[in-house]
Amino acid sequence: EIILFGGLFVLYAVYYHNYPEFFAEGGRELNRIIGAMNTVVLLVSSFTVAASITAIQRGKARQAVGFLLFSLGCGMVFLINKYFEWGAKIHHDIYPNSPTMQDAEPGLNMFFSLYYVITGLHGLHVIIGMILLAISLVLVLRGRVNAGRFTMLENSGLYWHLVDLIWIFVFPMFYLVL
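Residues numbered from 1 in each chain as written. Predicted model: local features only at pLDDT ≥ 70, side-chain atom pairs only at ≥ 80, totals over all residues. Heavy atoms only, no water.

S.K.: Account for the overall build of the chain, naming residues and giving values.
M.R.: Counting its regular elements, the chain contains 7 helices and 0 strands. Expressed along its principal axes, the backbone C-alpha trace of the chain runs to roughly 60 × 30 × 25 Å. Per-residue burial for the chain yields a buried fraction of 43% across its 178 residues. Long-range contacts, defined here as pairs at least 24 residues apart, represent 82% of the contacts in the chain between residues at least 6 apart. Of the roughly 9200 Å² that the chain leaves accessible, carbon and sulfur atoms contribute 68%. One way to put it: in the chain the 10 positive side-chain charges average out to a point 24 Å from where the 10 negative ones average out. (Helix = DSSP H or I, 4+ residues; strand = E, 2+ residues; numbered from the N terminus. Buried < 20%, exposed > 50% of the residue type's maximum accessible area, 1.4 Å probe, protein only. Contact = heavy atoms within 4.5 Å. Areas by Shrake-Rupley, 256 points an atom, 1.4 Å probe, with all protein chains shown as cover. Lys, Arg positive; Asp, Glu negative; His and termini not counted. Charge placed at Lys NZ, Arg CZ, Asp CG, Glu CD.)

S.K.: If you had to explain the environment of Ile-56 to someone new, which residues and values would you point to?
M.R.: Structurally, the position occupied by Ile-56 is in helix α3 (residues 32–57). Remark: the alpha-carbon pair of Ile-56 and Arg-142, spanning 86 residues in sequence, is separated by 13 Å. Not counting residues within four places of it along the chain, the set of residues in contact with Ile-56 comprises Ala-61, Ala-64, Val-140, Val-145, Asn-146, Ala-147, Phe-150 and Leu-153.

S.K.: Describe helix α4 (residues 61–91), with residues and values.
M.R.: With 31 residues, α4 ought to run about 45 Å at 1.5 Å a step, and its terminal C-alpha atoms sit 45 Å apart, in line with that. Taken as a whole, α4 has its buried residues at Ala-64, Val-65, Leu-68, Ser-71, Leu-72, Cys-74, Gly-75, Phe-78, Asn-81, Lys-82, Glu-85 and Lys-89. Those residues of α4 that are buried are in contact with α2 (20–29), α3, α6 (106–141) and α7 (151–175). Asp-93 sits one or two positions beyond α4 and adopts a positive phi of about 65 degrees. (Expected span 1.5 Å × (residues − 1).)

S.K.: A description of α6 should follow, citing residues and the corresponding values.
M.R.: Taking 1.5 Å per residue, 36 residues should reach 52 Å; α6 reaches 52 Å between its end C-alpha atoms and fits that length. Within two residues after α6, Gly-143 carries a phi angle of roughly 80 degrees, on the positive side.

S.K.: I'd like a rundown of the nonpolar core, residues and numbers included.
M.R.: Of all hydrophobic cores here, the largest spans 48 residues; its most connected members are Phe-112, Ile-118 and Phe-174. When contributions to this core are tallied by element, the ones reaching two or more residues are α1 (2–18), α2, α3, α4, α6 and α7. Looking at this core element by element, the count peaks at 13 residues for α6. In this view, Phe-174 contacts Tyr-12, Gly-27, Leu-30, Phe-111, Leu-114, Tyr-115 and Ile-118; residues no more than four positions away in its chain are not counted. (Core = buried A, V, L, I, M, F, W, Y, C linked by side-chain atoms within 4.5 Å.)

S.K.: Please give an account of the side chain of Thr-48 that cites residues and values.
M.R.: Inspection of the secondary structure assignment puts Thr-48 in helix α3. Classification of Thr-48 by relative accessible area gives buried; the value is 5%. A distance of 3.0 Å separates a polar side-chain atom of Thr-48 from the backbone oxygen of Ser-45. With residues up to four places along the chain from it excluded, the contact list for Thr-48 reads Phe-67, Phe-70 and Ser-71. (Polar contact = N/O pair within 3.5 Å; in protein donor to acceptor, adjacent residues only side chain to side chain.)

This is the structure:
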C-alpha cells in the first residue's frame, strides 16, 4: 500500500512541478468543505477503532461493538461524501476524457486524472478497511475476538489507520494545493 501510494505521490510531485498553476486551478475546483469533513470523519473513526481495541482488551465487548459500529458508520459517511463530490464533478463534465477535459490544458487534465485515480484507490481501500472492521465486529459478537485474543481486531485497526494516514497526505495534495 505504501509503495503504491508512494509511487502515485511521486508522480503527483513531478506533474505538480511541471504544472503548478494548473494544479492550483484544479484544487480550487474541489470542495474544501467536503474534503475537510472527510478528514475529520476519518480522524474520528481512527480514534473509535483504537477505542474498540482498548475496550476489547479490557473485556468490554459491548463497548468494542459500539465503537466498531461507529467506525463503520464513519466509513460510510466518507464514501457517501466522496460519491456526492465525484457526482458533482462528473455532472460538470470534469472527468478524464470528458469533452471539457479534452479541451483543457494538459496540466489541468493531469490534475483531475490523478485526483480520480488517487481518491478512487483510496476509496477502494476504505471499502477494504470497512470489510476488515466488519469481520472483526462479527468475531467480537461471536466471542472469537476477546481480551485474550484480539490480533484480528488490532490488525484491522492498523490497516484502518494506514487508510487514514494516506488521506492525511491526499487531502492537502488536492484540496489545499497552492
